[in-house]
Amino acid sequence: TQLLEQSPQFLSIQEGENLTVYCNSSSVFSSLQWYRQEPGEGPVLLVTVVTGGEVKKLKRLTFQFGDARKDSSLHITAAQPGDTGLYLCAGGNSGGSNYKLTFGKGTLLTVNP
Amino acid sequence: NAGVTQTPKFRILKIGQSMTLQCTQDMNHNYMYWYRQDPGMGLKLIYYSVGAGITDKGEVPNGYNVSRSTTEDFPLRLELAAPSQTSVYFCASSYPGTFLSYEQYFGPGTRLTVT
């Protein structure tokens, strides 16, 4: 069974601070996705990374896929209250059943004004 | 496009009652999924379908059933509701994108309480 561990589980910071959220596994994934979920809503896809070492930027958010495709990080620069939410990483399984994702438990981020 | 829609938004069931959670997508996606989300536990896959007429179990299928008669609809059935099924249920769909990734689109969820 492939597992994804996210850290930290909770993060509360002030507006303007930088932060990094981590997603780690002992298994190799063919792809890694990051979702953000706001209270009372479903997760919304932010980014997909598929190549080891890949870095993608989405405005103030930077996503990186580890060289060995076992881990990923999400860095937010100058966090804003609108960044508040649950951040979930999800791995696409190697070996054929890529249409199923393994989700981490999430990092709950609160950005205080 | 409406994307993925789910009904109802909220529901309270008594132990032993049955209900069907509805899910519809208008993106012509082949793949559809049902997840449950419990506090601090992430998303657990209940059932999934790779096309009309084809369904398979996920991690936590006990107590649930599904059917997929059309591409658009993927209802989830609870036959004998139990308190352990109190959760938020999400339906999702995806298309076969690149070989390596299947990006999922989620509905707004159904919050179910069994008492």
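Here is what the cut-offs are and how they apply
Residues numbered from 1 in each chain as written. Chains lettered and ligands numbered in written order. Predicted model: local features only at pLDDT ≥ 70, side-chain atom pairs only at ≥ 80, totals over all residues. Heavy atoms only, no water. Buried < 20%, exposed > 50% of the residue type's maximum accessible area, 1.4 Å probe, protein only. Helix = DSSP H or I, 4+ residues; strand = E, 2+ residues; numbered from the N terminus. Pairing = 2+ DSSP bridges. Contact = heavy atoms within 4.5 Å. Axes fitted to C-alpha atoms, helices over the stretch in contact; angles between N-to-C directions. Buried area = accessible area lost by both parts, 1.4 Å probe. Polar contact = N/O pair within 3.5 Å; in protein donor to acceptor, adjacent residues only side chain to side chain. Nonpolar A, V, L, I, M, F, W, Y, C, P; charged D, E, K, R; others polar. Disulfide = S-S within 2.5 Å.

(A) Quick peek at the pairing of strand β11 (residues 107–112) of chain A. Residue and element names in this part refer to chain A. In β11, alternate side chains face the same way, and those of T107, L109 and V111 are buried while those of L108, T110 and N112 on the opposite face are not. Sheet topology note: the strand β2 (residues 10–14)/β11 ladder contains five bridges and is parallel. Of the residues in β11, the one forming a bridge with Q14 is N112. In terms of strand pairing, strand β9 (residues 85–93) meets β11 through three bridges, oriented antiparallel. Across the sheet, residue L86 finds its bridge partner in β11, namely L108.

(B) Spotlight on the environment of V66 of chain B. Residue and element names in this part refer to chain B. Tracing the backbone shows V66 in strand β7 (residues 64–66). Taking C-alpha positions, V66 is 17 Å from S87, a pair spaced 21 residues apart along the chain. Each residue touching V66, except ones within four places of it in the same chain, is listed here: W34, Y47, T55, F74, P75 and L76.

(C) Spotlight on the sheet that holds strand β3 (residues 19–24) of chain A. All names here are of chain A. Taken in spatial order, the five strands make up an open sheet running β1-β3-β8-β7-β6, and their pairing is antiparallel. Strands with a single pairing partner mark the edges of an open sheet, and in this sheet they are β1 (5–7) and β6 (55–58). Across the sheet, the mean angle from the axis of one strand to that of its neighbour is 15 degrees, orientation sign disregarded. Relative to strand β8 (residues 71–76), β3 is paired through six bridges, and the arrangement is antiparallel. Pairing of Y22 across the sheet is with S73, part of β8.

(D) Quick peek at the interface of chain B and chain A. Of the residues lining the interface, 22 residues belong to chain B; the matching set on chain A comes to 22 residues. When the two sides are added together, the surface that chain B and chain A hide from each other amounts to roughly 1800 Å², 59% of it contributed by carbon and sulfur. The interface formed by chain B and chain A contains four residue pairs in polar contact (both at pLDDT 80 or more). Mapped by element, the contributors of at least two residues to the side of chain B that touches chain A are β4 (31–37), β5 (43–51) and β10 (104–106) of chain B. A class-by-class count of the residues in the side of chain B that touches chain A yields 14 nonpolar, six polar and two charged.

(E) Structural view of the state of the cysteines. For the structure on display, the rule yields two disulfides over all chains. Through a disulfide, C23 of chain A is tied to C89 of chain A; the S-S separation comes to 2.0 Å. Looking along the S-S bond of the C23 of chain A-C89 of chain A disulfide, the torsion reads about 75 degrees, which is the right-handed sense. Taken together, the positions of C23 of chain A in strand β3 and C89 of chain A in strand β9 put the pair 66 residues apart, joining distant regions of the chain. Each sulfur of the disulfide joining C23 of chain B and C91 of chain B lies 1.8 Å from the other. Because the sign of the S-S torsion sets the handedness, a value of about -70 degrees for the bond joining C23 of chain B and C91 of chain B places this disulfide among the left-handed ones. Note that C23 of chain B is positioned in strand β3 (residues 19–25) and C91 of chain B in strand β9 (residues 87–94), a separation of 68 residues in sequence. For the pair C23 of chain B and C91 of chain B, one class covers both residues: buried.

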